[in-house]
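# Descriptive analysis of the structure
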Amino acid sequence: MSKKIILFLSDLKKGGAREYRCPGGGTVVGVQTCEAPLRYLLGAYPKVSEVLCIVTPIGKGTLPAVRQIVKEIAPATVVTQIPFEDGEDFSAGPLAQIMAAVKKNDEILLELTGGLRDAVMQLLLTSRALSFSSVPTIGAVYSNYGTGEIVDCSYLIGLFDLLGGMQELASFGSVDTLRGYYAKQSGEKSEIKALLDAMEKLREDITLCRTGKIDQRIAAFNAAIDGVEGCSDPLMAALIPAFRTKFDKKLNVPSLIRWCINSDMLQQALTLYRERIPGYLLKRSILLVKENASPPIEKERWETEEDARFRTQLLTLSMLKDTERCFPSSDYITGKNVTFSKLGTILQDYEYIRQLRNMVNHAGDGKDQEQNSKLDFLCESTRYKSLDQVRAADIRKALEQGLDHLKNC
């Protein structure tokens, strides 16, 4: 592991040296644009092994002066020229050379003063590209000519980690980057820790298909996100409203399934739909169980009484074909404003998604002939595709369609 400085060279300056105050005390002097920050970094980080200089045509004359500065302060430090010709693609030229020169677990320091206005953006691009290769940026400085000081802006690099961590959290439920970011700060604030803990447990149970714990995890997540909304971390507080929209503002079973779809966790989305939607229909009062309903006659050992009642009474071929005629003989009644047409669509969606889930998991939980008959009926509709023709995009569409029908019920 070694530390390396990356900087842009500006044109060669002549004249007297200017003194700059350093972060934490002391001063350095410099004539060239990058000189004072370079002197500061070499003093603050004595184990720098290499200075990578991005050299444009206008900066070529400055390179000998920089070599001399580095030789005076750190004779063992190597100065490497990274040519950057006018009109050249930064990504194909300098960035590719830097990526080749830096090894995994090296640490980067940025000097942001030199170069044209877009140099700062190019160095930030370099920083993010290197972080993807496990090369962190541990410091960033520039010289403020007007105030005569070296400004440490390392915290801005850290904020990119915060933004990246929020994206990972929202898209994949990963908390590692955010935990790493707050570990470098003064530590996780209690409300942020609660959110990360809640998301970590929720994601783990989704990944392992522990659907029995989902209601508990959803409640903990909603409480945690409410708690973090007014936290003292200003950027986190500003990002939370956008973060909420990833989960339809308030997390519930359908929005969790939709999040799984958007995160390409289709198998988990299918399992959640299969396991949790019957209970959701009861919770939302789309369906109600009649008082004094008898226990279901058929019940598999892994089923609850409600699962068995739902499967044996609402997922029969006759019920799927003619919900309005068959429904009164079941142990259920419909909620307010729930039409038989809408309920029939919901049941058909559920049965199709249940068969998709069995196909993906190579599972079966019914008589083959009965399942085939129901699938043949469903595939007569343009809404559903035969399982032997299904692609991932079709599974996504079926899930989203099912959720939309639930939302409109």
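Quick caveat: nothing in here was measured; it's all calculated off a predicted structure.

### Points about the overall build of the chain
Across its full length, the chain holds 17 helices and ten strands. Relative to its length of 409 residues, the chain is extended, with a C-alpha radius of gyration of 31 Å against a globular reference of 22 Å. For the chain, the C-alpha atoms occupy an extent of roughly 95 × 45 × 35 Å along the three principal directions. Out of the 409 residues in the chain, the part that is buried amounts to 46%. By sequence separation, contacts in the chain at least 24 residues apart represent 67% of the contacts at least 6 residues apart. Here the chain displays about 20200 Å² of accessible surface, and carbon together with sulfur accounts for 51% of that area. Side-chain charges of the chain comprise 52 positive and 52 negative groups, with the mean position of each set lying 1 Å from the other.

### A word on the packing of aromatic side chains
Enumeration according to the criterion identifies twelve aromatic pairs in this entry. Note on Phe310 and Tyr350: the rings are 5.2 Å apart at their centroids and 80° apart in plane angle, and the pair reads as edge-to-face. With Phe310 in helix α12 (residues 305-314) and Tyr350 in helix α15 (residues 340-361), this residue pair connects regions lying 40 residues apart in the sequence. The two residues Phe310 and Tyr350 agree in class, both being buried. One aromatic cluster is present, built from ring pairs that chain together Phe221, Phe243, Phe247 and Trp259. The ring of Tyr20 carries the charged tip of Arg18 above its face, separated from the ring centre by 5.7 Å. Directly above the aromatic system of Tyr145 lies the positively charged group of Arg18, at a separation of 4.5 Å from the ring centroid.

### Let's talk about the side chain of Lys374
Within the fold, Lys374 resides in helix α16 (residues 368-378). In this structure Lys374 touches Leu315, Thr316, Leu317, Leu320, Glu351, Arg354 and Gln355, once residues within four positions along its chain are discounted.

### Overview of the pairing of strand β1 (residues 3-8)
Looking along a regular strand, one sees the side chains alternate between the two faces of the sheet. Across the six residues that make up β1, a large majority, five, are buried. Taken together, the six bridges between β1 and strand β4 (residues 48-55) define a ladder with parallel strand orientation. Bridging across to β4, Lys3 finds its partner in Val48.

### A word on the side chain of Glu35
Inspection of the secondary structure assignment puts Glu35 in helix α1 (residues 35-44). A residue is classified by how much of its surface remains accessible, and Glu35, at 8% relative accessible area, is buried. Residues contacting Glu35, with those up to four places away along its chain left out, are Val29, Gly30 and Ile69.

### Structural notes on helix α17 (residues 392-407)
Look at α17: 23 Å from first C-alpha to last across 16 residues, which is about the 22 Å you get at 1.5 Å a residue. For α17, the set of buried residues is Asp394, Ile395, Ala398, Leu399, Gln401, Gly402, Leu403 and Leu406. Elements in contact with the buried residues of α17: α10 (253-262), α11 (266-283) and α15.

### Re the pattern of salt bridges
For the structure shown, the criterion picks out 30 salt bridges. With a shortest N-O distance of 3.0 Å, Arg39 and Glu35 are connected by a salt bridge. Placement of both Arg39 and Glu35 in helix α1 is noted, with a separation of four residues, approximately one turn of the helix. Put simply, Arg179, Lys193, Asp197 and Glu200 are held in one network by salt bridges that share partners.

### Some remarks on α16
Listed as buried for α16 are Gln371, Lys374, Leu375, Phe377 and Leu378. Here the buried residues of α16 occupy an arc of 160° about the axis, which is enough to place them on one side. Exposed side chains of α16 directed beyond 90 degrees from the buried face belong to Asp368, Gln369 and Asp376. The secondary structure elements touched by the buried residues of α16 are α13 (317-321) and α15.

### Quick look at the environment of Val289
Within the secondary structure, Val289 sits in strand β9 (residues 287-289). The partly exposed category is assigned to Val289, whose relative accessible area is 30%. With 45 residues separating them in the primary sequence, Val289 and Thr334 have C-alpha atoms 8.7 Å apart.

### Focus: the pairing of strand β5 (residues 78-83)
Note: β4 against β5, six bridges, orientation parallel. Residue pairing in the sheet places Glu50 in a bridge with Val78 of β5. As a crossover connection, the stretch from β4 through helix α2 (residues 63-73) into β5 is right-handed.

### Brief notes about the environment of Ile69
Topologically, Ile69 is positioned in helix α2. Considered as a pair, Ile69 and Glu35 are 34 residues apart in the sequence and their alpha carbons are 7.7 Å apart.

Thresholds applied
All residue numbers here refer to positions counted from 1 along the written sequence of the relevant chain. Two thresholds apply to this predicted model, a pLDDT of at least 70 for residue-level local features and 80 or more for giving and counting side-chain atom pairs, whereas whole-chain, interface and lining totals are computed over all residues. As a convention, hydrogens and water are excluded, and side-chain values are obtained from all of the structure's heavy atoms. A run of H or I in DSSP counts as a helix once it spans at least four residues, and a run of E counts as a strand once it spans at least two, with each numbered from the N terminus. Our radius of gyration looks at C-alpha atoms and nothing else; its globule reference is 2.2 Å times the residue count to the power 0.38. Working definition: with a 1.4 Å probe on protein chains only, accessible area under 20% of the residue-type maximum means buried, over 50% means exposed, and in between means partly exposed. Between two residues, a contact is recorded if the distance between any of their heavy atoms is within 4.5 Å. For the accessible areas, the method is Shrake-Rupley and the probe is 1.4 Å, while residue cover comes only from the protein chains on display. Counting rule for charge: Lys and Arg are taken as positive, Asp and Glu as negative, and neither His nor the chain ends is counted. By convention, the point assigned to a charge is CZ for Arg, NZ for Lys, CD for Glu and CG for Asp. Two rings from Phe, Tyr or Trp (for Trp, the six-membered ring) form a pair when their centres sit within 6.5 Å of each other. Planes less than 30 degrees apart are called stacked, planes more than 60 degrees apart edge-to-face, and all others tilted. Distance and angle both matter: a charge sits over a ring if NZ of Lys or CZ of Arg is within 6 Å of the ring centre and within 35 degrees of the ring normal. Note: two strands are recorded as paired if DSSP finds a minimum of 2 bridges between them. Expected helix span is given by 1.5 Å per residue-to-residue step, counting one fewer step than there are residues. What makes a salt bridge here is a side-chain nitrogen of Lys or Arg within 4 Å of a carboxyl oxygen of Asp or Glu, nothing more. Taken from the helix axis, the directions to the C-beta atoms give the arc we talk about. For a crossover, the right-handed case is the one in which the path from the first strand over the helix to the second runs clockwise, viewed with the strands pointing away from the viewer.

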